[in-house]
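# Structural characterization, general
Okay, here's what each chain looks like letter by letter:
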Amino acid sequence: MLAAILVMALGAVLLGAALGYAAARFRVEGDPLVEKIDAILPQTQCGQCGFAGCKPYARAIAKGEAEINQCPPGGDEGIHKLADLLGRDFKSLSAEHGIEKPKSVAIIDEQACIGCTLCIQACPVDAIVGAAKQMHTVIARQCTGCELCLPPCPVNCISMQPIAESAETWKWKYPAYRINPAPREAA
Amino acid sequence: MTVLQRLFSFNGGVKPAYNKEASTGLPIAMAPMPAQLVIPLHQSIGGTPRPLVAAGEYVLKGQRIGGADGDVSSAVHASTSGTVVAVEMRLMPHTSGLSARCVVIQPDGREEWIPRQPFDYRGATPEQTRDYLRDAGVVGLGGAVFPSYLKINPGKSGKLDTLVLNGAECEPFITCDDVLMRERAASILKGALIMREMLGAARVLIGIEDNKPQAIAAMEAAARAANEEAGHPAMQVVAVPTRYPAGGAKQLIRVLTGIEVPHGKRSTDYGVQCFNVATAYAIYEAIALGQPLISRIVTVAGNVARARNYEVLFGTPMRDLVDLCDPRPDSDRVIMGGPMMGLLMPADSVPVVKAANCVLVGSPKLFPAPPPEMPCIRCGECAKACPADLQPFELYWFSRARIFGKAQEYHLFDCIECGCCAYVCPSHIPLVDYYRFAKSEIWARETQKEAADVARERYEFRLLREERDKQEKAAKLAARTVAARATAAAALAAAEKPVITAADVAKKALITAALERARAQKAGVRQENTGNLTPGQQAEIAAIEARRAEIREMAKPHLRQDD
């Protein structure tokens, strides 16, 4: 009886030690799930989801505090990917967080800009250059189209312009066969 | 010189109707000068060249008008002398119907060349020769328009085994390489010799499909002459069986050498490099004649009465070429390239570019609309026909269902879009259209992902910077507070008690020393008027002293009272 208890206790201690060692040895820094969710999110950092950026939203999704359909720039495709990753059901984009728009860039009307630097402070990806009382301009290549620079501008000189299709961005369309109605035969 | 060469074979392929006879009856003719030349700056794989001219400038024939931009890019030249009318967006020869930046030249009819000098590639370093070819605008003229200077690189080994010249020209209707080989065989081989020298290749294999006996004969004669001149038989013309797509680079290498270049490898890893015969000719012109690439041979065929090959200056509208050949009245479209891989042009006004090996005129009768797409019946015909040994049906399902990751796993990007699968498909599925769709979607996602990664990095850096600024500000404030407190405390302490500092001690020592000096001086100074006195004077002084003593005696009681 005592021997049996000792054997079991010894086994428990050994296994516990092994588990403890493994937990320390194979420790994973950070939350891999958050990283995976963050990789799916479009990184516009627009805050339309109600969080202060893509990473906080990813953390909230991972914790189960946020729905997966709160990201308008990611669109339906992003929601599908999140649903696949998390094993949740697909939900269409929640209307209160916005609608999916074509990808755009901010354009500053350089005639109207007064050089107040408010948009520079608002830009989450430092895509606006300029200095106090100097004209500002947007680095189009870095602009994520988050629209965060629009509200602070005191003279409303920033507008969003959808990105036009160019030779570099043109895509072959999904093949669709045009079905013509069959000619009617005389009865 | 019929050296028996063991030939190999690639899997798959098809044998469509070749339709090549119509355009080979007449020799190459120079296409007449058009009213205006519209030269797109972007004519090759890689970066769009920077425009080097502005509207109003006069340019010479062969003058560089677009400079190569980036590591993969190739220059563009004025096809004739004249005035630049505009540098603006014009419809480009691409199915998308989009515009691209073009240089529009009004020819002056004088055809005045830039000074042309042969390039001494033997006296130049390989880098210099490659830069020269880049600036001469030489690109692969088989249709892929990949900058040739990047391919004239033997790689790490510094030596190649085989240089393959591609004269297979397997696609129906196209005969530009055929007539070029018939008429300019010697120049092609001179270009091949230059390439062979640069690549350090031991031998040159010229693969020509056996449905071009005249081209084979001409090239064999030229090769014999070249070998005799060089003194050893490096050049060898090989007739390869006619089967589409024998002219694919990997397919021709397979047929000629038996080497199968696997996924993710280059042919140079196996000691083989492949060039089109027209590219060899362009290299000859660039290096031996000093002429940049400004024209090419273009086959005009299809629904025309007089199909023919023309030497065409880049920038010539396709419409002008078609009009030379009497198009039939039911013609309704222009295709750049052949019927298998060609691109439908948005209009016949688009210019001839470096990629345009053929201008194919179509009509509903010649190229009837495909019957409706039917479901895939999984017959496997497409897999049998695929020359790249892929599984087209799998690629089709994944592309159709937008499962792009899986499509890539099945090596979608090894597909050369030859169209054999769609050609044999009994369900008339436009398979290549699905692959093109999937490829461009995957590319778009790649770019999107790269942009997202950059945005994430920049956002995280901004957060980091804001945090750092905050901390720096806080640290500065704390330091200032500490400093202010210290000064206040010091002032207070100074008010309460004098503090003897080292400076004070030094000062005191200085004062003591000065006093000491003064005392010593005083002691050292004798009253000089008391010495050397006459006895009379001494007596007088003594009398005065005596009187003083007397008076002091008398005043003593008073003095005591005062004390």
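Remember, predicted model here, so these are calculated numbers, not experimental data. Every residue gets a number counted from 1 within its own chain, in the order that chain's sequence is written. As they are written, the chains are lettered A onward and the ligands numbered 1 onward, keeping that order. Predicted model: local features are reported for residues with pLDDT of at least 70 only, side-chain atom pairs are reported and counted for 80 or more only, and whole-chain, interface and lining totals are derived from all residues. Heavy atoms from the whole structure form the basis of all side-chain values; hydrogens and water molecules are not counted.

### As for the packing of helix H4 (residues 185–199) of chain B against helix H7 (residues 277–288) of chain B
All names here are of chain B. Think of each axis as a best-fit line through the C-alpha atoms, taken over the contacting stretch in the case of a helix, with angles from 0 to 180 degrees between the N-to-C directions. Note on conventions: DSSP H or I runs of at least 4 residues are helices, E runs of at least 2 residues are strands, and numbering of each starts at the N terminus. Where H4 meets H7, the axes come as close as 7 Å, and the angle between the chain directions of the two elements is 80 degrees. One finds that H4 runs roughly perpendicular with respect to H7. The segment H4 lies against H7, with Ser 187, Ile 188, Lys 190, Gly 191, Ala 192, Ile 194 and Met 195 engaging Val 277, Ala 280, Tyr 281, Ile 283, Tyr 284 and Ile 287. Taken together, the residues that form the contact of H4 with H7 break down as ten nonpolar, two polar and one charged. An angle below 35 degrees is read as roughly parallel, one above 145 as roughly antiparallel, one from 65 to 115 as roughly perpendicular, and any other as oblique. Any two residues whose heavy atoms approach within 4.5 Å are treated as being in contact. Under the convention adopted here, Pro, Cys and the residues Ala, Val, Leu, Ile, Met, Phe, Trp and Tyr are nonpolar, Asp, Glu, Lys and Arg are charged, and Gly plus all remaining residues are polar.

### Re the pattern of salt bridges
Counted as salt bridges are all cases of a side-chain nitrogen of Lys or Arg within 4 Å of a carboxyl oxygen of Asp or Glu. This model, assessed by the stated rule, comprises 39 salt bridges over all chains. Here Asp 69 of chain B ties to Arg 50 of chain B by a salt bridge, and the two come within 3.7 Å at their closest N and O atoms. With Asp 69 of chain B in the loop between strand S5 (64–67) and strand S6 (76–77) and Arg 50 of chain B in strand S3 (residues 50–51), this residue pair connects regions lying 19 residues apart in the sequence. Burial status follows relative accessibility: with a 1.4 Å probe on protein chains alone, a residue under 20% of its type maximum counts as buried, one over 50% as exposed, and anything between as partly exposed. Arg 50 of chain B gets classed as partly exposed once you look at its relative accessible area, which sits at 40%. Note that Glu 209 of chain B and Lys 212 of chain B form a salt bridge whose closest N and O atoms lie 3.7 Å from each other. The exposure class assigned to Lys 212 of chain B is buried, which follows from its relative accessible area of 1%. Beyond isolated ion pairs, a larger network of salt bridges with shared partners links Glu 77, Lys 81 and Lys 171 of chain A together with Glu 441 and Arg 445 of chain B.

### Considerations on the domain arrangement of chain B
Residue and element names in this part refer to chain B. When cut into domains, chain B gives domain 1 (21–108 + 119–362) and domain 2 (373–480). Each of domain 1 and domain 2 has a C-alpha centre, and these two points are 30 Å apart. Taken together, the eight residues of domain 1 in the interface contact twelve residues of domain 2. Across the domain 1/domain 2 interface, buried area totals approximately 820 Å², and carbon plus sulfur atoms make up 56% of it. The largest per-residue losses of area from domain 1 upon contact with domain 2 belong to His 263, Met 340 and Met 341, which jointly make up 50% of the total buried on that side. Summed over the shared surface of domain 1 and domain 2, the result is zero salt bridges. Either an automatic procedure or a domain database provided the assignment from which the domain bounds are taken. What counts as buried area is the accessible surface, traced by a 1.4 Å probe, that two parts surrender upon association, with contributions from both included.

### Some words on the domain arrangement of chain A
Residues and elements named next belong to chain A. Considered domain by domain, chain A is made up of domain 1 (32–97) and domain 2 (102–164). Relative to domain 2, the C-alpha centre of domain 1 lies at a distance of 25 Å. Taken together, the contacts link four residues of domain 1 with five residues of domain 2. Counting the surface domain 1 buries against domain 2, the share from its top three residues, Thr 44, Gln 45 and Cys 46, is 89%. At the junction of domain 1 and domain 2, the tally comes to zero salt bridges. For the side of domain 1 that touches domain 2, the residue count by class is one nonpolar, three polar and no charged.

### Description of the sheet that holds strand S9 (residues 162–167) of chain B
Residues and elements named next belong to chain B. Two strands are counted as paired when DSSP detects at least two bridges linking them. Strands sit in the order S11-S10-S9-S12 across an open sheet of four strands; the sheet is parallel. This sheet does not close on itself; its edge strands, each paired only once, are strand S11 (235–240) and strand S12 (272–276). Looking at each pair of strands side by side, their axes are set apart by 25 degrees on average, direction ignored. Bridging between S9 and strand S10 (residues 203–209) involves six bridges; their strand directions are parallel. Across the sheet, the residue bridging to Leu 163 is Val 204, located in S10. Here H7 sits on the sheet in contact with S9 and S12, set at roughly 80 degrees to S12.

### Examining the pairing of S10 of chain B
Residue and element names in this part refer to chain B. Counting buried positions along S10 gives six out of seven residues, so the element sits mostly inside the fold. Taken together, the six bridges between S10 and S11 define a ladder with parallel strand orientation. The residue of S11 that forms the bridge with Ile 206 is Val 237. Whether a crossover is right-handed comes down to one check: with the strands pointing away from the viewer, does the path from the first strand over the helix to the second run clockwise; if it does, it is right-handed. A crossover connection joins S10 to the parallel S11 through helix H5 (residues 213–230); in handedness this β-α-β unit is right-handed.

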